[in-house]
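The primary structure of each chain is shown beneath.
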Amino acid sequence: ATHFLGRIQAAPQWGAFVALNEEATLAQARAADERLSRGEALALDGVPIAHKDIFVTKNFASTAGSKMLDGYRSPFDATVVTRLADAGAVTLGKLNCDEFAMGSANENSAVAPLGFDAPAPVRNPWASDRVPGGSSGGSAAAVAARLAPAATGTDTGGSIRQPASFCGITGIKPTYGRASRYGMVAFASSLDQAGPMARSAEDCALLLSAMCGPDPDRDSTSLDLPAENFARGLNDSIDGLRIGIPAEFFGDGLAPDVRAAVDAALKEYEKLGAKLVPIALPRTELSIPVYYIIAPAEASSNLSRFDGVKFGHRAKDYGDLTDMYKKTRAEGFGDEVKRRIMIGAYVLSHGYYDAYYLQAQKIRRMIADDFQQAFKSCDVIAGPVAPTVAWKLGEKSADPVANYLADIFTLPGSLAGLPGMSLPAGFGEGGLPVGLQLIGNYFSEAKLLNAAHRFQ
Ligand code: GLN
């Protein structure tokens, strides 16, 4: 832990960390050392980990990347944080992210990273003029810059997989419901999932095993499945594994350099004995409008709690209660968050609900059905994570739709609630990392991690 705290302080330029608490970190590390010396080591004893600042923590400020939670201190830890700590992991600090996890480039954070006086973008350690991806951009950059061996992330529409891809690391989003959402600041509750981001599939498997498990009293959507050891089959042979290749993931929108790296990775899989099977995910393109209706709809409802009364920011000068709400929310939320609240309120409103929200829900179901059809002929699905390598800082920041379109390959799996991961496939333009996405059927995390581990 001391080693990583030193590295974090020596390398603030990535903008990855937003909070440290050395005393708390060292206390956890000492407790782990004592257990180790007594021969009572826990599964992750002494393993340093940093948390995306969307998980609330008692010992560190929790901002969710928003001015709205400026000065907020949570009285409790998120379940994922508790579970990792109970397995012996040592929390290094909190990581920058897009405000309320809304974004694909980590350019939407309203929080000043450590070493900065004002909000600053997280930078990609592979090329400091490039974005790290988002919304778990701080997590991916921290692991890639070796400021932490592992980090937590959350994935609503790709926020673990895409930054992992852009920063050349490994990340997995489990089946919806595997990890408790308790204490994860809610964005779109029917999509949000936590997962680990680390250097290898093996590390991810160990972390995921600690993170997942039922939490019936605190998250009603957490699955009633016993904790699993996702590392159990890492070395199993993948001879005969049927890898579905969706034609829709390899169309015109895919940059040639990304395609070349993904194709090369798939050739490696064939050498390992896997068989490539063409499949169809015909509603891939529809996943963008569907997601950008459903996620903002849920966000507009979830974010109504930030009203200046219960926690976080409150405007200074105001008239009546309504005026206080208005001023607080106008000051506290950034542009992207406001945009989503407006879209969400619109698609849920009387007269538009049937045309937009209900329609989106129906197509969401069809997208999930398409996957079930595809899994009749394959064991896992493979393709790119994103259409391009990491783009330049600022390149898309003025164009929300350009950001949304870049989510095309991660959104279908999210809408279906399926597990998905990104593993380093190779390099594209400018020597920038390219991730390979593996999507599995429900509860097939062990199989995905096995396939990724054999490749690594
Ligand atoms: N880029 C997507 C969005 O902006 C996904 C974010 C996420 O998974 N948290 O909503």
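Think of each chain on its own: its residues are numbered from 1, step by step along the sequence as written. Reporting of local features is limited, given that this is a predicted model, to residues whose pLDDT is at least 70; pairs of side-chain atoms are given and counted only at 80 or more, and all residues count toward the totals for whole chains, interfaces and linings.

Side note on the overall build of the chain
Now for step 1: Of the regular secondary structure elements, the chain holds 14 helices and 11 strands.
Now for step 2: Computation of the radius of gyration draws on C-alpha atoms, with the globule rule given as 2.2 Å multiplied by the number of residues to the power 0.38. Computed over C-alpha atoms, the radius of gyration of the chain comes to 21 Å, within 12% of the 23 Å expected from 2.2 N^0.38 for 456 residues, which places it in the range of a compact globule.
Now for step 3: Across its three principal axes, the chain shows a C-alpha extent of roughly 65 × 65 × 45 Å.
Now for step 4: A residue is called partly exposed when the number of other C-beta atoms within 10 Å of its own lies between 12 and 20, exposed at 12 or fewer, and buried at 20 or more, with C-beta atoms placed from the backbone. Per-residue burial over the chain gives 55% buried out of 456 residues. Helix and strand definitions here come from DSSP, where helices need a minimum of 4 consecutive H or I residues and strands a minimum of 2 consecutive E residues; each element is numbered from the N-terminal end.

Quick look at the UniProt feature "active site" (unreviewed entry) in the chain
Now for step 1: UniProt positions are given in the numbering used here, feature names are shortened, and annotations may be inferred rather than shown by experiment. Under the local residue numbering, the UniProt record ascribes the feature "active site" (unreviewed entry) to Lys-52, Ser-135 and Ser-159. Sequence-wise these annotated residues cover 108 residues; spatially they are packed, their C-alpha atoms never more than 10.9 Å apart.
Now for step 2: Tracing the sequence through the fold places Lys-52 in strand β2 (residues 48-52).
Now for step 3: Note on contacts: residues are paired as contacts if their backbone-placed C-beta atoms lie within 7 Å. Residues within four places of Lys-52 in sequence aside, it is in contact with Leu-95, Cys-97, Ser-136, Gly-138, Ser-139, Ala-151, Thr-152, Gly-153 and Thr-154.

A short note on the nonpolar core
The tendency in soluble globular proteins is for nonpolar side chains to be buried side by side.
Now for step 1: Here, a nonpolar core denotes buried Ala, Val, Leu, Ile, Met, Phe, Trp, Tyr and Cys residues that are linked to one another through C-beta atoms within 7 Å. Core analysis: the largest hydrophobic core is formed by 134 residues, its most contacted members being Ile-49, Ala-142, Val-143, Ala-148 and Val-380.
Now for step 2: Ignoring any residue separated from it by four or fewer positions in sequence, one finds Val-143 in contact with Ala-148, Ala-150, Ala-151, Ile-169, Met-197, Ala-198 and Arg-199.

Focus on the site of the ligand
Now for step 1: Taken together, 13 residues form the shell around the ligand, and within it Ala-101, Ser-104, Thr-156, Gly-157 and Ser-159 come nearest.
Now for step 2: Its residues assigned to classes, the shell around the ligand shows four nonpolar, seven polar and two charged. Near residues are defined by distance alone, with the backbone-placed C-beta atom required to lie within 6 Å of the molecule or strand. Think of it as three bins: nonpolar holds Ala, Val, Leu, Ile, Met, Phe, Trp, Tyr, Cys and Pro, charged holds Asp, Glu, Lys and Arg, and polar takes everything else, Gly as well.

Observations regarding helix α11 (residues 353-374)
Now for step 1: With 22 residues, α11 should cover 32 Å at 1.5 Å per step; its first-to-last C-alpha distance of 31 Å lies within 8% of that length.
Now for step 2: The sharpest bend along α11 reaches about 25 degrees and sits at Gln-359.
Now for step 3: Taken together, the buried positions of α11 are occupied by Ala-360, Arg-364, Ile-367, Asp-370 and Phe-371.
Now for step 4: The inward-facing, buried residues of α11 contact α8 (287-302) and α13 (411-416). A helix is expected to span 1.5 Å for every residue after the first. At any given residue, the bend is defined as the angle formed between two axes, one fitted to the seven residues that end at that position and one fitted to the seven that begin there.

Thoughts on the UniProt feature "domain: Amidase" (unreviewed entry) in the chain
Now for step 1: Annotation from UniProt places "domain: Amidase" (unreviewed entry) at residues 1-449.
Now for step 2: Split by type, residues 1-449 is 34% helix and 14% strand. Its first and last C-alpha atoms lie 27 Å apart.

A word on the packing of helix α6 (residues 201-211) against helix α14 (residues 445-455)
Now for step 1: Interaxial angle, 0 to 180 degrees, is taken between N-to-C directions of lines fitted to C-alpha atoms, where a helix line uses only the stretch in contact. Put simply, α6 and α14 touch, their axes get as near as 9 Å, and they point 160 degrees apart. Viewed along their axes, α6 and α14 adopt a mutual orientation that is roughly antiparallel. Between α6 and α14, the contacting residues are Ala-201, Glu-202, Cys-204, Ala-205 and Leu-208 on the first element and Glu-445, Leu-449, Ala-452 and His-453 on the second. Relative orientations are named as follows: roughly parallel for angles under 35 degrees, roughly antiparallel for angles over 145 degrees, roughly perpendicular for angles from 65 to 115 degrees, and oblique for any other angle.

A look at α14
Now for step 1: Of all 11 residues in α14, 10 are buried, a share of seventy percent or more.
Now for step 2: Every buried residue of α14 is accounted for by Glu-445, Ala-446, Lys-447, Leu-448, Leu-449, Asn-450, Ala-451, Ala-452, His-453 and Arg-454.
Now for step 3: On its buried side, α14 packs onto β5 (170-173), α6, β9 (380-384), β10 (420-427) and β11 (433-440).

A few points about the environment of Gly-71
Now for step 1: Take Gly-71: it is sitting in the loop between β2 and α3 (79-86).
Now for step 2: Given 10 C-beta atoms within 10 Å, Gly-71 falls into the exposed group.
Now for step 3: For the pair formed by Gly-71 and Gly-312, sequence separation is 241 residues and the distance between their alpha carbons is 6.3 Å.

Considering the pairing of strand β4 (residues 150-155)
Now for step 1: Within β4, six of the six residues are buried, leaving the element largely enclosed by the surrounding structure.
Now for step 2: Because side chains alternate across β4, one face comprises the buried residues Ala-150, Thr-152 and Thr-154, and the other comprises Ala-151, Gly-153 and Asp-155, equally buried.
Now for step 3: Note on pairing: DSSP must find at least two bridges between two strands before they are called paired. The pairing of β4 with strand β6 (residues 193-198) spans six bridges and is classified as antiparallel. In the strand pairing of β6, Thr-154 is matched with Ala-194.

Brief notes about the pairing of β11
Two faces, one strand: in a regular strand the side chains alternate between the faces of the sheet.
Now for step 1: Counting buried positions along β11 gives eight out of eight residues, so the element sits mostly inside the fold.
Now for step 2: Relative to β11, β9 is paired through five bridges, and the arrangement is antiparallel. Looking across to β11, one finds that Ala-382 is bridged to Leu-438.
Now for step 3: If you look at the hairpin formed by β10 and β11, you'll find five residues sitting between the two strands, and Gly-430 has a positive phi there, around 70 degrees.

Some remarks on the environment of Thr-63
Now for step 1: Its place among the elements puts Thr-63 in the loop between β2 and α3.
Now for step 2: Note on Thr-63: 27 C-beta atoms within 10 Å, which makes it buried.
Now for step 3: Along the chain, Thr-63 and Arg-242 lie 179 residues apart, while their C-alpha atoms are 43 Å from each other.
Now for step 4: Among residues more than four places away in sequence, those in contact with Thr-63 are Val-18, Asp-53, Leu-69, Asp-70, Tyr-72 and Val-111.

Description of the packing of α8 against α11
Now for step 1: Running from amino to carboxyl end, α8 crosses α11 at an angle of 125 degrees, the nearest separation of the two axes being 9 Å. On the basis of their axis angle, the class for α8 and α11 is oblique. Viewed along their axes, α8 and α11 form a crossing whose handedness is left-handed. The segment α8 lies against α11, with Ser-287, Val-290, Ile-293, Ile-294 and Ala-297 engaging Tyr-356, Tyr-357, Ala-360, Ile-363, Arg-364 and Ile-367. Here a crossing is called left-handed whenever its near helix is offset anticlockwise from the far helix by less than a right angle, and right-handed whenever the offset is clockwise.

With respect to the environment of Tyr-269
Now for step 1: Mapped onto the elements, Tyr-269 comes out in helix α7 (residues 256-271).
Now for step 2: On the basis of neighbour counts, which here come to 21 C-beta atoms within 10 Å, the residue Tyr-269 falls in the buried class.
Now for step 3: For Tyr-269 and Leu-206, which are 63 residues apart along the polypeptide, the C-alpha to C-alpha distance reads 23 Å.
Now for step 4: Apart from the residues lying within four places of it in its own chain, the contact partners of Tyr-269 are Ile-243, Ala-274 and Phe-455.

Focus: unusual backbone geometry
Now for step 1: Cis geometry is found at the peptide bond from Gly-134 to Ser-135, where omega equals 5 degrees.
Now for step 2: Of note, Ser-135 is situated in the loop between β3 (90-95) and α4 (137-144).
Now for step 3: Of note, the phi angle at Phe-100 is positive, near 50 degrees, even though the residue is not glycine.
Now for step 4: Along the chain, the position of Phe-100 falls in the loop between β3 and α4.

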